[in-house]
Amino acid sequence: MKSNTAVLPEKAKCVRCKGRATIPMPSHNANFCPDCFVSFFETAVRRGLEKFPISPSTPLLVAVSGGKDSLAAWNVLHDLGYPTRGLHIRLGIESFSEASTEAVDDFARTRSLPWVEYSVQELFGHSIPEIHKRMRRKICSVCGMLKRQLLNRLTIREGFQTLVVGHNLDDEAGRLLGNIVRNRHQYLDKHSPYLPSTHPRFAAKCKPLYRVEAREIRIYCAIKGIRPVDQSCPLSRGATSHSFKEALHFLEERMPGTKRDFLFTFLARQKPDLKPRDFHDCRECGEPAFGELCSVCNLRSLLREKDQPHPGDGGPDSS
Ligand code: SF4
Ligand SMILES: [Zn+2]
Ligand SMILES: [Zn+2]
């Protein structure tokens, strides 16, 4: 069995320049030196971007969490010459959020890149740990929904039309496997690395790293001196998305290239269903919504309901 983490012998040659190779790439059946690896990485991203209706002068707002993916996405887009700005949302998750914001600040300062910062607390009124304490739902799905909605709204507010997110090949392949296993056709129909805007208040969304693996991003960050946050979110335990990624990792270790083939053969046949849907204006905030309330106001209203005393709670006769 080939290992994805094998150390190459001293005589191993880079497939491009024939210099000394230090980076094994089993899924490409190739070995690279660091310079050629960076060219490979940039080419993979550029090839992905060429499939999207984005020109090199399109201003891109990059959602940056402080993790390796979003910082690598920002770095490579900047190096490829795209005009970019970072957008960071603080989640209020104690030391993890502090370290994440520091990683973004450190990255942007050393490269003199502009960025803007908001917090879930100021935008929504409650931090993620507070929502976690008060709701029974899985926090990652609530947090994911809030981040998606707030990032979209902030993209429009900041005057951009395209939001970049750092999802990589492992994320996309894992999500695809999860949706297939659970037969979630409504998500499969929209599985695409580029989603155009379907409403004046929806930004287009693009995933320029969908052709590169998490391992390749870690190598790119190390070569480029990018220092992502070195902690994991303490609320992430038990996220089911990890299990689907692990299942693919298991197959990849035995059959290098499986993840890539699985995702790319799906995308090659995929015709995303991007028909505009009928939206109303949310009764509370005016943002587009399928029902009377948008998902953000719906969550806020659920939290408000939890604040209401239930009949029999706390009254003199309740014991
Ligand atoms: S792991 Fe879950 S709770 Fe933590 S930042 Fe990610 S989605 Fe949010
Ligand atoms: Zn080389
Ligand atoms: Zn609303």
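About the thresholds
Residues numbered from 1 in each chain as written. Chains lettered and ligands numbered in written order. Predicted model: local features only at pLDDT ≥ 70, side-chain atom pairs only at ≥ 80, totals over all residues. Heavy atoms only, no water. Near = heavy atom within 4 Å. Nonpolar A, V, L, I, M, F, W, Y, C, P; charged D, E, K, R; others polar. Core = buried A, V, L, I, M, F, W, Y, C linked by side-chain atoms within 4.5 Å. Buried < 20%, exposed > 50% of the residue type's maximum accessible area, 1.4 Å probe, protein only. Helix = DSSP H or I, 4+ residues; strand = E, 2+ residues; numbered from the N terminus. Contact = heavy atoms within 4.5 Å. Donors = N, O, S within 2.8 Å, 3.2 Å for Na, K, Ca; no water. Tetrahedral: all angles 85-135°; square planar, octahedral: opposite > 155°, others 65-115°. Pairing = 2+ DSSP bridges. Axes fitted to C-alpha atoms, helices over the stretch in contact; angles between N-to-C directions. Right-handed = clockwise from strand over helix to strand, strands pointing away. Expected span 1.5 Å × (residues − 1). Phe/Tyr/Trp six-rings, centres within 6.5 Å; stacked < 30°, edge-to-face > 60°. 1 Å grid on protein atoms, 1.4 Å probe; cavity = no way out; pocket = protein on both sides within 12 Å on 5 of 7 lines; lining within 4 Å. Points joined across faces, edges and corners; volume = space filled by probe spheres on them.

Peer 1: Account for the site of ligand 1, with residues named and values stated.
Peer 2: Every residue lining ligand 1 is accounted for by Leu91, Cys140, Cys143, Lys147, Cys233, Leu235 and Ser236. For the shell around ligand 1, the per-class residue count stands at five nonpolar, one polar and one charged.

Peer 1: I'd love a proper account of the nonpolar core, names of residues and values included.
Peer 2: Core analysis: the biggest nonpolar cluster contains 54 residues, and Phe32, Phe37, Phe41, Trp74, Leu209 and Tyr220 have the highest contact counts within it. The greatest single-element share of this core, amounting to eight residues, is contributed by helix 1 (residues 34–50). Not counting the four nearest positions on each side in its chain, Tyr220 is found in contact with Phe37, Val38, Phe41, Ala72, Asn75, Val76, Asp79 and Ile226. Grouped together as the second largest cluster of nonpolar side chains are 34 residues, Leu87, Leu91, Ile128 and Met145 included.

Peer 1: So, the coordination of the zinc ion (ligand 3): which residues are in play, and what are the values?
Peer 2: Distances from the zinc ion (ligand 3) to its protein donors, namely Cys282 (SG), Cys285 (SG), Cys294 (SG) and Cys297 (SG), fall within the range 2.2 to 2.3 Å. Coordination at the zinc ion (ligand 3) is tetrahedral, judged from the four donor atoms that bind it and the angles of 107 to 115° they form at the metal. Written as a sequence motif, the donor arrangement for the zinc ion (ligand 3) is C-x2-C-x8-C-x2-C. Highlighted residues: Cys285 in the loop between strand 9 (280–281) and strand 10 (288–289) and Cys297 in helix 12 (residues 295–307), separated in sequence by 12 residues. Using a relative accessible area of 35% as the deciding quantity, one classes Cys285 as partly exposed. Given the relative accessible area of 1%, Cys297 is considered buried.

Peer 1: If you had to explain the sheet that holds strand 4 (residues 84–90) to someone new, which residues and values would you point to?
Peer 2: Think of a sheet as strands paired side by side through backbone hydrogen bonds, with each pair either parallel or antiparallel. Pairing is mixed across the open sheet formed by six strands, whose spatial order is 5-4-3-6-8-7. The open sheet terminates on both sides in strands that have one partner only, identified here as strand 5 (115–119) and strand 7 (194–195). This element, helix 6 (residues 139–157), spans strand 3 (60–63), strand 4, strand 5, strand 6 (162–164) and strand 8 (204–206) of the sheet and lies at about 140° to strand 4.

Peer 1: Would you mind going over the coordination of the zinc ion (ligand 2) in detail, with residue names and values included?
Peer 2: Looking at the metal site, the zinc ion (ligand 2) is ligated by Cys14 (SG), Cys17 (SG), Cys33 (SG) and Cys36 (SG), spaced 2.3 Å from it. Coordination at the zinc ion (ligand 2) comes from four donor atoms whose angles at the metal span 102 to 116°, giving a geometry best classed as tetrahedral. Read N to C, the donor residues that coordinate the zinc ion (ligand 2) are spaced as C-x2-C-x15-C-x2-C.

Peer 1: So what about the pairing of strand 3? Which residues, and what values?
Peer 2: Burial along strand 3 is two-sided: Leu60 and Val62 and Leu61 and Ala63, pointing in opposite directions, are all buried. Handedness of the strand 3-helix 2 (residues 68–79)-strand 4 crossover: right-handed. Pairing between strand 3 and strand 6: two bridges, direction parallel. Of the residues in strand 6, the one forming a bridge with Leu61 is Leu163.

Peer 1: Tell me what's going on with helix 10 (residues 240–254), and back it up with residues and numbers.
Peer 2: Look at helix 10: 22 Å from first C-alpha to last across 15 residues, which is about the 21 Å you get at 1.5 Å a residue. For helix 10, the complete set of buried residues consists of Phe244, Leu248, Glu252 and Glu253. Packed against the buried residues of helix 10 are helix 7 (169–181) and helix 11 (258–269).

Peer 1: Explain the packing of aromatic side chains to me, using residue names and the numbers behind them.
Peer 2: According to the stated counting rule, one finds 10 aromatic pairs in the structure shown. Aromatic pair Trp74 and Phe107: ring centres 5.2 Å apart, planes at 35°, arrangement tilted. Remark: Phe107 occurs in helix 3 (residues 94–111) and Trp74 occurs in helix 2; sequence separation between them is 33 residues. Taken together through their ring pairs, the aromatic side chains of Phe32, Phe37, Phe40, Phe41 and Tyr220 make up a single cluster.

Peer 1: An account of the layout of surface pockets is requested, with residue identities and associated values reported.
Peer 2: For the second largest pocket, the calculated volume is near 200 Å³. Around the second largest pocket, the lining residues are Leu123, Leu150, Arg153, Leu154, Arg157, Arg201, Cys285, Glu287, Val296 and Arg300. Looking at the lining of the second largest pocket, the elements with two or more residues in it are helix 6 and helix 12. At four residues, helix 6 tops the list of elements feeding residues into the lining of the second largest pocket. Considering only residue class, the lining of the second largest pocket consists of five nonpolar, no polar and five charged.

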